[in-house]
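These are the residues of each chain, in order.
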Amino acid sequence: MSDDQDRQLSPRVNSAQLANYLGKNVRLACKVLNIDVTQIVVEASDGGQVNVQIQSHSEIDDTYIEVVGKVQTPDTIRALACIGMGSDLDMKLVNDTIILTHDPRFKTMFS
Amino acid sequence: MSQFGSGGGNFYNNNGGGGGGFETSPFGSPSRQKSDVAQSLRPFTIGQLQQATQLHSDAEWRVEGQEVGQVTVVGQVVSIQRQPTNHVFQLDDGTGLIEARRWIASTDEDGTPKDEIAEQRYIRVTGGLKSFGKKRYVNITSIRPISNSHEIYFHLLETMTVYLTLTRGSPHKGADGPVVKGEGGSSIANYSSQNAAAMEQFSNLPAFKRSIVQYILSQATREEGIHVGVIARAIGSSEADANQISQALDELMDEGIVFTTIDDSHFNVST
(Lines give C-alpha, C1' and ligand atoms only; values in the text may rest on other atoms or scores of the structure.)
Protein backbone atom coordinates (compact mmCIF):
# COMPACT_ATOMS: atom_id res chain seq x y z
CA MET A 1 0.00 0.00 0.00
CA SER A 2 2.83 2.40 0.79
CA ASP A 3 4.19 1.51 -2.62
CA ASP A 4 0.94 2.66 -4.19
CA GLN A 5 1.17 5.93 -2.33
CA ASP A 6 4.80 6.36 -3.39
CA ARG A 7 3.89 5.95 -7.00
CA GLN A 8 0.77 8.05 -6.48
CA LEU A 9 -1.57 5.71 -8.25
CA SER A 10 -5.18 6.70 -8.62
CA PRO A 11 -6.79 3.89 -10.61
CA ARG A 12 -9.94 4.59 -12.60
CA VAL A 13 -12.84 2.74 -11.00
CA ASN A 14 -16.58 2.31 -11.16
CA SER A 15 -18.79 2.02 -8.08
CA ALA A 16 -18.52 -1.77 -7.85
CA GLN A 17 -14.73 -1.60 -7.53
CA LEU A 18 -14.66 0.95 -4.68
CA ALA A 19 -14.70 -1.77 -2.02
CA ASN A 20 -11.33 -3.01 -3.33
CA TYR A 21 -9.72 0.40 -2.79
CA LEU A 22 -10.71 1.35 0.77
CA GLY A 23 -8.32 4.00 2.06
CA LYS A 24 -6.73 4.47 -1.34
CA ASN A 25 -6.93 7.13 -4.00
CA VAL A 26 -9.07 6.53 -7.07
CA ARG A 27 -10.52 8.36 -10.05
CA LEU A 28 -14.26 8.08 -10.46
CA ALA A 29 -15.82 9.35 -13.65
CA CYS A 30 -19.43 10.11 -12.84
CA LYS A 31 -22.57 12.08 -13.53
CA VAL A 32 -23.58 14.64 -10.94
CA LEU A 33 -27.06 13.88 -9.60
CA ASN A 34 -27.38 16.15 -6.59
CA ILE A 35 -25.25 18.89 -5.05
CA ASP A 36 -25.37 19.69 -1.34
CA VAL A 37 -23.18 21.92 0.79
CA THR A 38 -20.65 19.32 1.88
CA GLN A 39 -21.62 16.36 -0.25
CA ILE A 40 -22.66 15.52 -3.78
CA VAL A 41 -24.39 12.41 -5.02
CA VAL A 42 -23.07 11.01 -8.28
CA GLU A 43 -23.78 8.13 -10.59
CA ALA A 44 -20.70 6.10 -11.50
CA SER A 45 -20.08 4.65 -14.95
CA ASP A 46 -21.64 1.32 -13.93
CA GLY A 47 -24.80 3.08 -12.72
CA GLY A 48 -24.10 2.79 -8.98
CA GLN A 49 -24.64 5.81 -6.75
CA VAL A 50 -21.73 7.18 -4.76
CA ASN A 51 -21.57 9.93 -2.13
CA VAL A 52 -18.71 12.35 -2.59
CA GLN A 53 -17.62 14.55 0.31
CA ILE A 54 -16.42 17.90 -1.00
CA GLN A 55 -14.75 21.03 0.31
CA SER A 56 -16.55 23.40 -1.98
CA HIS A 57 -19.07 22.91 -4.74
CA SER A 58 -18.21 26.11 -6.54
CA GLU A 59 -15.93 24.26 -8.94
CA ILE A 60 -18.59 21.78 -10.04
CA ASP A 61 -20.59 23.06 -12.96
CA ASP A 62 -20.30 20.24 -15.48
CA THR A 63 -22.82 17.42 -15.84
CA TYR A 64 -19.99 14.90 -15.85
CA ILE A 65 -16.98 15.12 -13.58
CA GLU A 66 -14.01 13.02 -12.59
CA VAL A 67 -13.60 12.84 -8.83
CA VAL A 68 -10.08 12.20 -7.59
CA GLY A 69 -10.30 11.19 -3.97
CA LYS A 70 -9.82 8.74 -1.17
CA VAL A 71 -12.29 5.89 -0.72
CA GLN A 72 -13.88 6.08 2.75
CA THR A 73 -16.51 3.35 2.49
CA PRO A 74 -17.66 1.23 -0.46
CA ASP A 75 -20.02 4.06 -1.42
CA THR A 76 -18.28 7.18 -0.12
CA ILE A 77 -15.28 9.10 -1.44
CA ARG A 78 -13.60 12.15 0.06
CA ALA A 79 -12.74 14.32 -2.91
CA LEU A 80 -9.28 15.81 -3.34
CA ALA A 81 -10.20 17.28 -6.72
CA CYS A 82 -13.14 17.41 -9.10
CA ILE A 83 -12.29 17.74 -12.78
CA GLY A 84 -14.95 18.91 -15.19
CA MET A 85 -15.60 16.42 -18.00
CA GLY A 86 -18.19 18.42 -19.92
CA SER A 87 -21.86 17.92 -20.61
CA ASP A 88 -21.58 14.84 -22.80
CA LEU A 89 -19.79 11.63 -21.84
CA ASP A 90 -20.52 8.11 -23.08
CA MET A 91 -20.64 6.30 -19.74
CA LYS A 92 -20.76 2.86 -21.35
CA LEU A 93 -17.51 3.60 -23.17
CA VAL A 94 -16.04 4.91 -19.93
CA ASN A 95 -17.12 1.83 -18.00
CA ASP A 96 -15.84 -0.58 -20.66
CA THR A 97 -12.51 1.23 -20.67
CA ILE A 98 -12.26 1.17 -16.88
CA ILE A 99 -12.89 -2.57 -16.81
CA LEU A 100 -10.21 -3.12 -19.46
CA THR A 101 -7.65 -1.12 -17.48
CA HIS A 102 -8.08 -3.67 -14.67
CA ASP A 103 -7.54 -6.60 -17.05
CA PRO A 104 -4.49 -8.65 -15.99
CA ARG A 105 -3.07 -8.29 -19.52
CA PHE A 106 -2.45 -4.60 -18.84
CA LYS A 107 -1.10 -4.93 -15.32
CA THR A 108 2.22 -3.31 -16.18
CA MET A 109 0.50 -0.32 -17.75
CA PHE A 110 -1.97 0.68 -15.07
CA SER A 111 -0.62 -0.56 -11.74
CA MET B 1 3.01 20.87 -38.21
CA SER B 2 5.94 22.65 -39.81
CA GLN B 3 7.85 22.29 -36.59
CA PHE B 4 8.01 18.56 -37.26
CA GLY B 5 10.62 18.96 -39.94
CA SER B 6 12.76 16.17 -41.18
CA GLY B 7 14.28 14.68 -38.09
CA GLY B 8 17.94 14.86 -37.35
CA GLY B 9 19.89 11.88 -36.16
CA ASN B 10 19.20 12.69 -32.55
CA PHE B 11 15.60 12.09 -31.72
CA TYR B 12 15.89 13.85 -28.39
CA ASN B 13 16.46 16.99 -30.39
CA ASN B 14 13.62 19.44 -30.14
CA ASN B 15 12.78 19.44 -33.82
CA GLY B 16 13.73 15.87 -34.53
CA GLY B 17 10.33 14.59 -33.61
CA GLY B 18 6.98 14.21 -35.22
CA GLY B 19 6.64 11.56 -37.83
CA GLY B 20 3.81 9.14 -37.92
CA GLY B 21 2.93 5.57 -37.43
CA PHE B 22 3.79 3.12 -34.79
CA GLU B 23 6.67 0.78 -34.67
CA THR B 24 5.45 -2.05 -36.82
CA SER B 25 7.74 -4.89 -36.05
CA PRO B 26 10.01 -5.57 -33.15
CA PHE B 27 12.18 -7.67 -35.45
CA GLY B 28 14.51 -6.20 -37.98
CA SER B 29 18.04 -5.15 -38.47
CA PRO B 30 19.05 -3.28 -35.34
CA SER B 31 20.77 -0.38 -37.03
CA ARG B 32 17.82 0.44 -39.26
CA GLN B 33 15.38 -0.27 -36.47
CA LYS B 34 16.85 2.42 -34.33
CA SER B 35 16.20 5.30 -36.69
CA ASP B 36 12.74 3.98 -37.62
CA VAL B 37 11.64 3.77 -34.03
CA ALA B 38 13.26 7.04 -33.10
CA GLN B 39 10.96 8.73 -35.58
CA SER B 40 7.87 6.84 -34.51
CA LEU B 41 5.19 8.03 -32.13
CA ARG B 42 3.63 5.76 -29.54
CA PRO B 43 0.93 6.49 -26.95
CA PHE B 44 1.86 5.60 -23.37
CA THR B 45 0.50 5.71 -19.87
CA ILE B 46 2.69 7.67 -17.48
CA GLY B 47 3.18 4.47 -15.47
CA GLN B 48 4.79 2.88 -18.53
CA LEU B 49 7.12 5.85 -19.00
CA GLN B 50 8.17 5.62 -15.36
CA GLN B 51 9.15 1.98 -15.99
CA ALA B 52 11.23 2.89 -19.05
CA THR B 53 14.90 2.09 -18.78
CA GLN B 54 18.01 3.04 -20.68
CA LEU B 55 21.41 1.39 -20.57
CA HIS B 56 23.29 4.68 -20.36
CA SER B 57 22.36 8.33 -20.53
CA ASP B 58 22.72 8.45 -24.31
CA ALA B 59 21.02 5.15 -25.13
CA GLU B 60 17.50 4.70 -26.38
CA TRP B 61 14.73 4.20 -23.85
CA ARG B 62 13.05 0.84 -23.63
CA VAL B 63 9.71 -0.18 -22.12
CA GLU B 64 9.41 -3.93 -21.57
CA GLY B 65 12.08 -4.48 -24.19
CA GLN B 66 10.46 -2.26 -26.83
CA GLU B 67 12.42 0.73 -28.01
CA VAL B 68 10.73 4.06 -27.43
CA GLY B 69 10.72 6.89 -29.95
CA GLN B 70 8.49 9.88 -29.53
CA VAL B 71 5.80 9.53 -26.90
CA THR B 72 2.35 10.99 -26.41
CA VAL B 73 0.55 11.02 -23.08
CA VAL B 74 -2.75 12.38 -21.82
CA GLY B 75 -2.78 13.55 -18.24
CA GLN B 76 -4.25 15.94 -15.74
CA VAL B 77 -2.13 19.01 -14.99
CA VAL B 78 -1.24 18.91 -11.31
CA SER B 79 0.99 21.97 -11.26
CA ILE B 80 2.52 24.49 -13.64
CA GLN B 81 5.78 26.33 -13.14
CA ARG B 82 6.26 29.09 -15.66
CA GLN B 83 9.91 30.07 -15.86
CA PRO B 84 11.54 32.51 -18.26
CA THR B 85 13.09 29.81 -20.44
CA ASN B 86 10.68 26.95 -19.98
CA HIS B 87 7.36 25.86 -18.57
CA VAL B 88 7.18 22.73 -16.45
CA PHE B 89 3.90 20.83 -16.21
CA GLN B 90 3.43 18.10 -13.66
CA LEU B 91 1.07 15.51 -15.19
CA ASP B 92 -0.96 12.76 -13.53
CA ASP B 93 -2.93 10.18 -15.49
CA GLY B 94 -3.77 7.89 -12.59
CA THR B 95 -0.87 5.52 -13.33
CA GLY B 96 1.88 7.85 -12.16
CA LEU B 97 3.28 11.35 -12.30
CA ILE B 98 5.71 12.81 -14.81
CA GLU B 99 7.07 16.22 -15.66
CA ALA B 100 6.65 17.68 -19.10
CA ARG B 101 8.90 20.57 -20.03
CA ARG B 102 8.36 23.08 -22.78
CA TRP B 103 11.30 25.23 -23.77
CA ILE B 104 10.43 28.76 -24.81
CA ALA B 105 12.33 30.01 -27.82
CA SER B 106 12.44 33.73 -28.39
CA THR B 107 10.67 33.27 -31.70
CA ASP B 108 8.26 30.81 -30.22
CA GLU B 109 4.65 31.36 -31.07
CA ASP B 110 2.51 29.39 -28.76
CA GLY B 111 -0.84 29.08 -30.46
CA THR B 112 -2.48 27.87 -27.28
CA PRO B 113 -3.87 30.55 -25.02
CA LYS B 114 -2.30 30.20 -21.62
CA ASP B 115 -5.53 29.93 -19.72
CA GLU B 116 -6.58 26.86 -21.68
CA ILE B 117 -3.77 24.92 -20.10
CA ALA B 118 -4.54 25.31 -16.44
CA GLU B 119 -4.18 23.23 -13.35
CA GLN B 120 -6.72 20.41 -13.03
CA ARG B 121 -7.36 20.27 -16.77
CA TYR B 122 -6.46 17.32 -18.95
CA ILE B 123 -3.90 17.95 -21.68
CA ARG B 124 -2.10 15.91 -24.33
CA VAL B 125 1.63 16.33 -24.71
CA THR B 126 3.88 14.84 -27.35
CA GLY B 127 7.65 14.78 -27.31
CA GLY B 128 10.78 12.85 -26.49
CA LEU B 129 11.52 11.15 -23.18
CA LYS B 130 14.52 12.69 -21.41
CA SER B 131 16.19 12.44 -18.07
CA PHE B 132 17.89 14.99 -15.89
CA GLY B 133 19.63 13.48 -12.92
CA LYS B 134 17.28 10.89 -11.58
CA LYS B 135 14.21 12.66 -12.87
CA ARG B 136 12.68 11.95 -16.22
CA TYR B 137 10.51 14.23 -18.22
CA VAL B 138 8.85 14.63 -21.59
CA ASN B 139 10.51 17.27 -23.73
CA ILE B 140 7.41 18.79 -25.27
CA THR B 141 7.14 19.34 -29.01
CA SER B 142 3.35 19.63 -28.97
CA ILE B 143 0.95 20.48 -26.17
CA ARG B 144 -2.77 21.10 -26.25
CA PRO B 145 -5.76 20.93 -23.92
CA ILE B 146 -8.24 18.06 -24.14
CA SER B 147 -11.48 19.69 -25.26
CA ASN B 148 -13.55 16.48 -25.48
CA SER B 149 -13.28 14.18 -22.47
CA HIS B 150 -13.72 11.12 -24.65
CA GLU B 151 -10.14 11.64 -25.80
CA ILE B 152 -8.95 10.63 -22.32
CA TYR B 153 -10.59 7.24 -22.78
CA PHE B 154 -9.54 7.03 -26.41
CA HIS B 155 -5.97 7.46 -25.27
CA LEU B 156 -6.27 4.68 -22.68
CA LEU B 157 -7.74 2.32 -25.27
CA GLU B 158 -5.08 3.29 -27.78
CA THR B 159 -2.26 2.61 -25.32
CA MET B 160 -3.78 -0.86 -24.73
CA THR B 161 -4.20 -1.56 -28.46
CA VAL B 162 -0.63 -0.56 -29.23
CA TYR B 163 0.68 -2.54 -26.27
CA LEU B 164 -1.12 -5.68 -27.42
CA THR B 165 -0.08 -5.18 -31.03
CA LEU B 166 3.57 -4.80 -30.07
CA THR B 167 3.62 -7.71 -27.64
CA ARG B 168 1.36 -10.15 -29.50
CA GLY B 169 1.30 -9.04 -33.13
CA SER B 170 -1.48 -7.59 -35.22
CA PRO B 171 -4.86 -9.24 -34.60
CA HIS B 172 -5.50 -9.71 -38.31
CA LYS B 173 -2.18 -11.23 -39.18
CA GLY B 174 -1.43 -13.42 -36.20
CA ALA B 175 -4.17 -15.96 -35.63
CA ASP B 176 -5.86 -15.72 -39.01
CA GLY B 177 -3.03 -16.16 -41.42
CA PRO B 178 -2.71 -19.94 -41.64
CA VAL B 179 -6.41 -20.50 -42.26
CA VAL B 180 -6.69 -18.01 -45.06
CA LYS B 181 -3.57 -19.38 -46.67
CA GLY B 182 -4.58 -23.00 -46.23
CA GLU B 183 -8.13 -22.91 -47.50
CA GLY B 184 -8.72 -19.61 -49.10
CA GLY B 185 -6.90 -19.79 -52.35
CA SER B 186 -5.60 -16.75 -54.09
CA SER B 187 -8.91 -15.07 -54.78
CA ILE B 188 -9.84 -14.95 -51.12
CA ALA B 189 -6.39 -13.91 -50.07
CA ASN B 190 -6.54 -11.05 -52.53
CA TYR B 191 -9.99 -10.18 -51.39
CA SER B 192 -9.06 -10.07 -47.76
CA SER B 193 -6.15 -7.78 -48.36
CA GLN B 194 -8.22 -5.39 -50.43
CA ASN B 195 -11.16 -5.37 -48.11
CA ALA B 196 -9.58 -5.80 -44.72
CA ALA B 197 -11.68 -2.94 -43.41
CA ALA B 198 -14.92 -4.54 -44.57
CA MET B 199 -13.92 -7.78 -42.87
CA GLU B 200 -13.13 -6.10 -39.59
CA GLN B 201 -16.64 -6.59 -38.26
CA PHE B 202 -16.32 -10.34 -38.81
CA SER B 203 -12.91 -10.66 -37.19
CA ASN B 204 -14.42 -12.15 -34.05
CA LEU B 205 -15.80 -15.16 -35.93
CA PRO B 206 -14.06 -18.52 -35.85
CA ALA B 207 -11.73 -18.90 -38.81
CA PHE B 208 -13.92 -21.44 -40.63
CA LYS B 209 -17.05 -19.32 -40.49
CA ARG B 210 -15.08 -16.25 -41.38
CA SER B 211 -13.74 -17.90 -44.51
CA ILE B 212 -17.34 -18.62 -45.57
CA VAL B 213 -18.39 -15.02 -44.99
CA GLN B 214 -15.26 -13.87 -46.74
CA TYR B 215 -16.00 -16.04 -49.77
CA ILE B 216 -19.62 -14.88 -50.03
CA LEU B 217 -18.54 -11.26 -49.78
CA SER B 218 -15.90 -11.77 -52.45
CA GLN B 219 -18.52 -13.11 -54.85
CA ALA B 220 -21.57 -11.17 -53.80
CA THR B 221 -22.37 -8.75 -56.51
CA ARG B 222 -25.67 -10.55 -57.10
CA GLU B 223 -28.56 -10.04 -54.75
CA GLU B 224 -29.51 -13.71 -54.73
CA GLY B 225 -26.19 -14.54 -53.11
CA ILE B 226 -24.28 -17.78 -53.51
CA HIS B 227 -25.49 -21.36 -53.76
CA VAL B 228 -24.36 -23.57 -50.91
CA GLY B 229 -22.81 -25.97 -53.39
CA VAL B 230 -20.60 -23.24 -54.80
CA ILE B 231 -19.52 -22.30 -51.32
CA ALA B 232 -18.74 -25.92 -50.56
CA ARG B 233 -16.64 -26.28 -53.71
CA ALA B 234 -14.71 -23.09 -52.95
CA ILE B 235 -14.18 -23.62 -49.22
CA GLY B 236 -14.45 -27.38 -49.00
CA SER B 237 -11.47 -29.48 -48.24
CA SER B 238 -10.92 -32.83 -46.62
CA GLU B 239 -11.58 -31.53 -43.13
CA ALA B 240 -14.33 -29.19 -44.15
CA ASP B 241 -17.02 -31.24 -45.81
CA ALA B 242 -20.48 -30.21 -46.90
CA ASN B 243 -22.10 -31.05 -43.58
CA GLN B 244 -19.76 -28.77 -41.70
CA ILE B 245 -20.44 -25.99 -44.14
CA SER B 246 -24.20 -26.31 -43.89
CA GLN B 247 -23.94 -26.44 -40.11
CA ALA B 248 -21.74 -23.35 -40.09
CA LEU B 249 -24.19 -21.60 -42.41
CA ASP B 250 -27.08 -22.48 -40.08
CA GLU B 251 -25.20 -20.99 -37.15
CA LEU B 252 -24.25 -17.91 -39.14
CA MET B 253 -27.92 -17.52 -40.00
CA ASP B 254 -28.91 -17.83 -36.33
CA GLU B 255 -26.36 -15.14 -35.55
CA GLY B 256 -27.92 -12.93 -38.19
CA ILE B 257 -24.73 -12.72 -40.21
CA VAL B 258 -26.02 -14.47 -43.33
CA PHE B 259 -29.55 -14.93 -44.69
CA THR B 260 -31.19 -17.09 -47.33
CA THR B 261 -32.31 -15.41 -50.51
CA ILE B 262 -34.30 -16.94 -53.41
CA ASP B 263 -34.45 -20.38 -51.76
CA ASP B 264 -32.98 -22.25 -48.81
CA SER B 265 -29.76 -23.02 -50.68
CA HIS B 266 -28.70 -19.48 -51.58
CA PHE B 267 -26.94 -17.36 -49.00
CA ASN B 268 -25.88 -13.75 -48.80
CA VAL B 269 -24.23 -11.69 -46.06
CA SER B 270 -26.30 -9.15 -44.15
CA THR B 271 -24.80 -5.73 -44.23
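- You'll find chain B entered in an unreviewed UniProt entry as Replication protein A 32 kDa subunit, with Crepidotus variabilis given as the organism.
- Looking at chain B in UniProt, the text filed under Subcellular location (unreviewed entry) is "Nucleus".
- Regarding chain B, the UniProt comment filed under Sequence similarities (unreviewed entry) reads as follows: "Belongs to the replication factor A protein 2 family."

- If you check an unreviewed UniProt entry, chain A appears there as Replication factor A protein 3 from Crepidotus variabilis.
- Entered under Subcellular location (unreviewed entry) in the UniProt record, the comment concerning chain A runs "Nucleus".
- In UniProt, chain A has this text filed under Sequence similarities (unreviewed entry): "Belongs to the replication factor A protein 3 family."

## Some words on the overall build of chain B
- For chain B, the count of helices and strands is eight helices and 11 strands.
- Taken across its 271 residues, chain B has 45% of its residues classed as buried.
- At a minimum sequence separation of 6, the contacts of chain B that also span at least 24 residues come to 57%.
- Surface summary for chain B: the accessible area is close to 14000 Å², and the carbon and sulfur share equals 50%.

## Some points on helix 3 (residues 150-168) of chain B
- Compared with the 27 Å implied by 1.5 Å per residue over 19 residues, the 27 Å span of helix 3 of chain B between its first and last C-alpha is a close match.
- G169(B) lies just past helix 3 of chain B and shows a positive phi near 90°.

## Things to note about the sheet that holds strand 9 (residues 226-227) of chain B
All names here are of chain B.
- On the basis of which strands lie adjacent, the open sheet formed by three strands has the order 9-11-10 and antiparallel pairing. The open sheet has two edge strands with one neighbour each: strand 9 and strand 10 (258-260).
- Two strands pair when backbone bridges link them, and strand 10 and strand 11 (residues 266-269) are joined in this way by three bridges, in the antiparallel orientation. Among the inter-strand pairings, T260 is bridged to a residue of strand 11, identified as F267.

## Points about the interface of chain A and chain B
- Every contact between the two is made by 28 residues of chain A and, on the other side, 25 residues of chain B.
- At the boundary of chain A with chain B, total buried surface from both sides reaches about 2400 Å², with 60% on carbon and sulfur atoms.
- Sorting the residues of chain A by area buried against chain B places R12(A), T108(A) and M109(A) first, and these three jointly supply 26% of that buried surface.
- The tally of links from chain A across to chain B stands at one salt bridge.
- Where R27(A) meets D92(B), a salt bridge forms, and the shortest distance between an N and an O atom there is 3.1 Å.
- Our enumeration of links across chain A and chain B arrives at 12 residue pairs in polar contact (both at pLDDT 80 or more).
- Among the secondary structure elements, those contributing two or more residues to the side of chain A that touches chain B are strand 2 (25-35), strand 5 (64-73), strand 6 (76-84), helix 2 (91-101) and helix 3 (107-110) of chain A.
- Looking at the side of chain A that touches chain B, its residues break down into 14 nonpolar, seven polar and seven charged.

## What to know about unusual backbone geometry
Residue and element names in this part refer to chain B.
- Unusually for a residue other than glycine, E64 sits at a positive phi of about 50°.
- In this fold, E64 is placed in the loop between strand 2 (62-63) and strand 3 (66-67).
- The backbone of Q120 sits at a positive phi, close to 80°, despite the residue not being glycine.
- With respect to the element layout, Q120 can be found in the loop between strand 6 (97-103) and strand 7 (122-132).

## With respect to the pattern of salt bridges
- Inspection of the entire model under this criterion finds 12 salt bridges over all chains.
- Between K135(B) and E99(B) there is a salt bridge whose closest N-O contact spans 3.1 Å. Remark: E99(B) occurs in strand 6 and K135(B) occurs in strand 8 (residues 135-145); sequence separation between them is 36 residues.
- Exposure remark for E99(B): the relative accessible area of 9% places this residue in the buried category.
- Within this structure, R12(A), R27(A), E66(A) and D92(B) form a network of salt bridges that share partners.

## Here's the deal with the environment of G256(B)
All names here are of chain B.
- Within the element layout of this structure, G256 appears in the loop between helix 8 (242-254) and strand 10.
- For G256, a relative accessible area of 44% gives the class partly exposed.
- Separated by 13 residues in the primary sequence, G256 and V269 have C-alpha atoms spaced 8.8 Å apart.

## Re the pairing of strand 5 of chain A
Residues and elements named next belong to chain A.
- Of all 10 residues in strand 5, seven are buried; the element is thus mostly enclosed.
- Note: strand 2 against strand 5, seven bridges, orientation antiparallel. Looking across to strand 5, one finds that A29 is bridged to E66.
- Sheet topology note: the strand 5/strand 6 ladder contains eight bridges and is antiparallel. Across the sheet, residue K70 finds its bridge partner in strand 6, namely R78.

Criteria and cut-off values
- Residues numbered from 1 in each chain as written.
- Chains lettered and ligands numbered in written order.
- Predicted model: local features only at pLDDT ≥ 70, side-chain atom pairs only at ≥ 80, totals over all residues.
- Heavy atoms only, no water.
- UniProt positions renumbered as here; feature names shortened; annotations may be inferred.
- Helix = DSSP H or I, 4+ residues; strand = E, 2+ residues; numbered from the N terminus.
- Buried < 20%, exposed > 50% of the residue type's maximum accessible area, 1.4 Å probe, protein only.
- Contact = heavy atoms within 4.5 Å.
- Areas by Shrake-Rupley, 256 points an atom, 1.4 Å probe, with all protein chains shown as cover.
- Expected span 1.5 Å × (residues − 1).
- Pairing = 2+ DSSP bridges.
- Buried area = accessible area lost by both parts, 1.4 Å probe.
- Salt bridge = Lys/Arg side-chain N within 4 Å of Asp/Glu carboxyl O.
- Polar contact = N/O pair within 3.5 Å; in protein donor to acceptor, adjacent residues only side chain to side chain.
- Nonpolar A, V, L, I, M, F, W, Y, C, P; charged D, E, K, R; others polar.

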